[in-house]
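Survey of secondary and tertiary structure
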Amino acid sequence: MSDPVDSAWRAMTSLVFENRDTWRRRVADEVGMPFSRVRVLRRLMSGSLTMTELASAAAMDAPATTVCVNDLEKRGYVQRTVEADRRSKRVTVTDAGRAVMERVGDISDPPPASLQHLSTEDAAHLHRILARAVSPVGADGVRDRS
């Protein structure tokens with residue numbers, strides 16, 4: 001018998017992977033660029049990153065990251081600056097890039113039918129469990145509620 005946490009993780013990732021394609025296509029059509037660009041912009045929304053950090057955060061190799069950033073820069077969605085030591089470049093989302101991500105946030109992403117058919121009680125249990133899993137526990141053992 002498999003570990004319940006491992007089984008739950010596999011079920012969650014399967015649920016998401018199997019049900020996000022329609023939304024991803026709508027997003028790409030709405031913003032007029034491949035979804036990979038949106039993924040890169042999303043990683044930059046919380047602050048600038050070096051090209052190396054961005055590649056890691058977006059789970060892309062360096063050449064693919066460069067292609068994405070070049071395209072986003074041409075569109076005016078990011079700005080690239082050379083670090084003081086001149087060995088790395090930092091990428092920052094622009095106001096135009098933030099506006100694109102606001103548009104992305106406005107595109108509906110309804111839950112799959114399998115979740116819509118849950119009872120109210122089951123949906124509430126699922127929400128409580130996932131909320132606890134998403135909210136990290138600090139080094140002091142206290143759950144971050146922010």
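Shown above is the structure to which this text applies.
The structure reproduced in this document is the subject of the present report. (Residues numbered from 1 in each chain as written. Predicted model: local features only at pLDDT ≥ 70, side-chain atom pairs only at ≥ 80, totals over all residues. Heavy atoms only, no water.)

Within a sheet, each strand pairs with its neighbour through backbone hydrogen bonds, oriented either parallel or antiparallel. Taking strand neighbours across the sheet as the criterion, the 3 strands line up as β1-β3-β2 in an open arrangement whose pairing is antiparallel. Each edge of the open sheet carries a strand with a single partner, namely β1 (49–50) and β2 (78–82). For β1 and strand β3 (residues 89–93), the ladder comprises 2 bridges, and the chain directions are antiparallel. Directly across from leucine 49, in β3, lies its bridge partner valine 91. Most of the contacts of helix α3 (residues 35–44) go to β3, to which it runs at about 95 degrees, and overall it touches β1, β2 and β3. Strands β2 and β3 of the sheet are contacted by helix α5 (residues 62–74), whose axis makes an angle of about 115 degrees with β2. (Pairing = 2+ DSSP bridges. Helix = DSSP H or I, 4+ residues; strand = E, 2+ residues; numbered from the N terminus. Contact = heavy atoms within 4.5 Å. Axes fitted to C-alpha atoms, helices over the stretch in contact; angles between N-to-C directions.)

Our next topic: α5. Between its first and last C-alpha, α5 extends 18 Å over 13 residues, near the 18 Å set by a 1.5 Å rise per residue. For α5, the full list of buried residues reads Thr65, Cys68, Val69, Asp71 and Leu72. Buried residues of α5, seen end-on, are gathered within an arc of 160 degrees and therefore sit on one face of the element. Away from the buried face of α5 by more than 90 degrees, exposed residues Ala62, Pro63 and Lys74 are located. Tucked inside the fold, the buried residues of α5 contact α3, α4 (51–57), β2 and β3. Between the side-chain oxygen of the N-cap and the backbone nitrogen of alanine 64 there are 2.9 Å, and the N-cap of α5 in question is aspartate 61. Directly beyond the C-terminal end of α5, a positive phi value near 85 degrees is found at glycine 76. (Expected span 1.5 Å × (residues − 1). Buried < 20%, exposed > 50% of the residue type's maximum accessible area, 1.4 Å probe, protein only. Arc of directions from axis to C-beta. Polar contact = N/O pair within 3.5 Å; in protein donor to acceptor, adjacent residues only side chain to side chain.)

Once that is clear, we can look at the packing of aromatic side chains. For any two aromatic rings, the description comes down to two numbers: the centre-to-centre distance and the angle of the planes. Per the stated rule, a full pass over the model turns up 1 aromatic pair. Note on tryptophan 23 and phenylalanine 35: the rings are 5.6 Å apart at their centroids and 70 degrees apart in plane angle, and the pair reads as edge-to-face. Of this pair, tryptophan 23 sits in helix α2 (residues 21–31) while phenylalanine 35 sits in helix α3, and the two are 12 residues apart along the sequence. You'll find tryptophan 23 and phenylalanine 35 in the same group, each marked buried. Here the basic side chain of arginine 20 rests over the ring of tryptophan 23, its NZ or CZ set 4.1 Å away from the ring centre. (Phe/Tyr/Trp six-rings, centres within 6.5 Å; stacked < 30°, edge-to-face > 60°. Lys NZ or Arg CZ within 6 Å of the ring centre and 35° of its normal.)

Together, Trp9, Met12, Leu118, Leu126 and Leu130 give the surface a local cluster of nonpolar side chains, amounting to about 410 Å² of exposed area. Secondary structure elements with two or more residues in the nonpolar patch: α1 (4–19) and α8 (120–134). (Patch = residues over 30% accessible without salt bridge, like charges linked within 9 Å, V, L, I, M, F, W, Y side chains within 5 Å. Areas by Shrake-Rupley, 256 points an atom, 1.4 Å probe, with all protein chains shown as cover. Salt bridge = Lys/Arg side-chain N within 4 Å of Asp/Glu carboxyl O.)

Bringing the pattern of salt bridges into the picture now. One pass over the structure, following the stated rule, counts 6 salt bridges. For aspartate 109, the salt bridge is made with arginine 20, and the minimal N-O distance between the two is 3.1 Å. On the criterion of sequence distance, the pair formed by aspartate 109 in the loop between α6 (95–106) and α7 (113–116) and arginine 20 in the loop between α1 and α2 is long-range, its members being 89 residues apart. One salt bridge connects glutamate 30 with arginine 103, and the closest N-O pair in it is separated by 3.5 Å. You can see glutamate 30 sitting in helix α2 and its partner arginine 103 sitting in helix α6, a full 73 residues away along the chain. Within the structure, one salt-bridge network assembled from shared partners comprises Arg37, Asp71 and Arg75.

Let's shift gears to unusual backbone geometry. Backbone geometry at alanine 59 places phi at a positive 55 degrees, although glycine is not the residue there. Positionally, alanine 59 belongs in the loop between α4 and α5. A relative accessible area of 73% places alanine 59 in the exposed class.

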